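Residue strings, one per chain:
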Amino acid sequence: MVLPVYITCLILSFTYFTSGTIQSLNSILFNDNYEFIDLTHPFDETSIYWPDAQSFEFINKKIVEVGDGGQYALNDFATSEHTGTHVDAPYHFNEHGKFVAEIPLEKLIVPLIIADVSSIVNDNPNFVLYKHHLDFMINDNFGKPCLIVFKFGWSKFVHDRNKYLGIGADKTLNFPGLSGEVMEWITTSYKNVVGIGVDVSSIDPGSSQNFTAHRMGAVAGLYNIENVNLSRSIPEYGCTAIVMPMKISKGTGGPVRFVAICPKTISTGV
Ligand SMILES: [Zn+2]
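Residues numbered from 1 in each chain as written. Predicted model: local features only at pLDDT ≥ 70, side-chain atom pairs only at ≥ 80, totals over all residues. Heavy atoms only, no water.

Trainee: Just to check I follow, could you spell out the nonpolar core for this structure?
Mentor: As a rule of thumb, soluble globular proteins bury nonpolar side chains together. Membership of the largest hydrophobic core comes to 35 residues, with the highest contact counts inside it found for Leu-129, Leu-134, Phe-150, Phe-152, Leu-178, Ile-186 and Ile-196. At the level of elements, β5 (109–116), β7 (146–151), α4 (161–165), α5 (180–188) and β9 (193–198) are the ones that each hand at least two residues to this core. Per-element accounting of this core gives the leading share, four residues, to α5. Counting residues in each nonpolar core, the second largest holds 25 residues, with Val-100, Ile-103, Leu-147 and Ala-260 among its members. (Core = buried A, V, L, I, M, F, W, Y, C linked by side-chain atoms within 4.5 Å. Buried < 20%, exposed > 50% of the residue type's maximum accessible area, 1.4 Å probe, protein only. Helix = DSSP H or I, 4+ residues; strand = E, 2+ residues; numbered from the N terminus.)

Trainee: Please clarify how the environment of Asn-141 should be interpreted in this entry.
Mentor: Residue placement: Asn-141 occurs in the loop between β6 (128–129) and β7. Separated by 78 residues in the primary sequence, Asn-141 and Val-219 have C-alpha atoms spaced 23 Å apart.

Trainee: Where do I start with the side chain of Thr-83 in this structure?
Mentor: Position of Thr-83 relative to the elements: it lies in the loop between β3 (70–78) and β4 (86–88). Taking the relative accessible area as the measure of exposure, Thr-83 reaches 0% and is therefore buried. Here Gln-54 takes part through its backbone oxygen, which lies 2.7 Å from a polar atom of the side chain of Thr-83. Contact partners of Thr-83, with chain neighbours within four places excluded, come to Phe-43, Ser-47, Ile-48, Tyr-49, Gln-54, Ser-55 and Phe-56. (Polar contact = N/O pair within 3.5 Å; in protein donor to acceptor, adjacent residues only side chain to side chain. Contact = heavy atoms within 4.5 Å.)

Rendered as structure tokens:
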């Protein structure tokens, strides 16, 4: 027998509240104590794309008449897996790594830590992040599995592709990124980091030729989120990351809707 949805909901709610120990997530989230913060850039003709990759574009836009004055609209689009705000699956830099559809949800809904190094970067497109830059958080015990997003202060340049990628006259790229030293610390210090985010186009510095941070992270099973939208302020600790990449079965990555659920009052807990 199929129960109407509202009866099923009532039974489920009853089960939760009579258990005495489990609190419904709905009762926690929807009481005006939390806000939802979108960390995703919109997908359109301004989306940042890698030099040899497909930009985002509608390749077919249809309006179809269905009679009686009605119509439906339907678009086809083309994009690289790695255009705009997107996830890199471990397979992107590790032939034995997981495809994007295989990343478990337990690694995609996790505590979010923002490491704001923008004042150290100071708009320097050739900045490379080393361990000593992270002295302020080096002894933090993150505890649970978590996602660290590094804020280089680059989202303000996103509407100027040349500036954002730091494209030089010789076609080189110049934007901040992580050193191998930082990635080694992340993957070996038992801090349970499951993913790395950056507000630039790559976790490696733009000038990198061997993609050390990508390779080390992929071998350790980490995923990346690139071109994170950090245009607005967000608490450094206490938010929950919701990372939902398009579930492309054999994808090396994919477009993502990345949001955070944050307590409105400052929390220091991870
Ligand atoms: Zn990528």
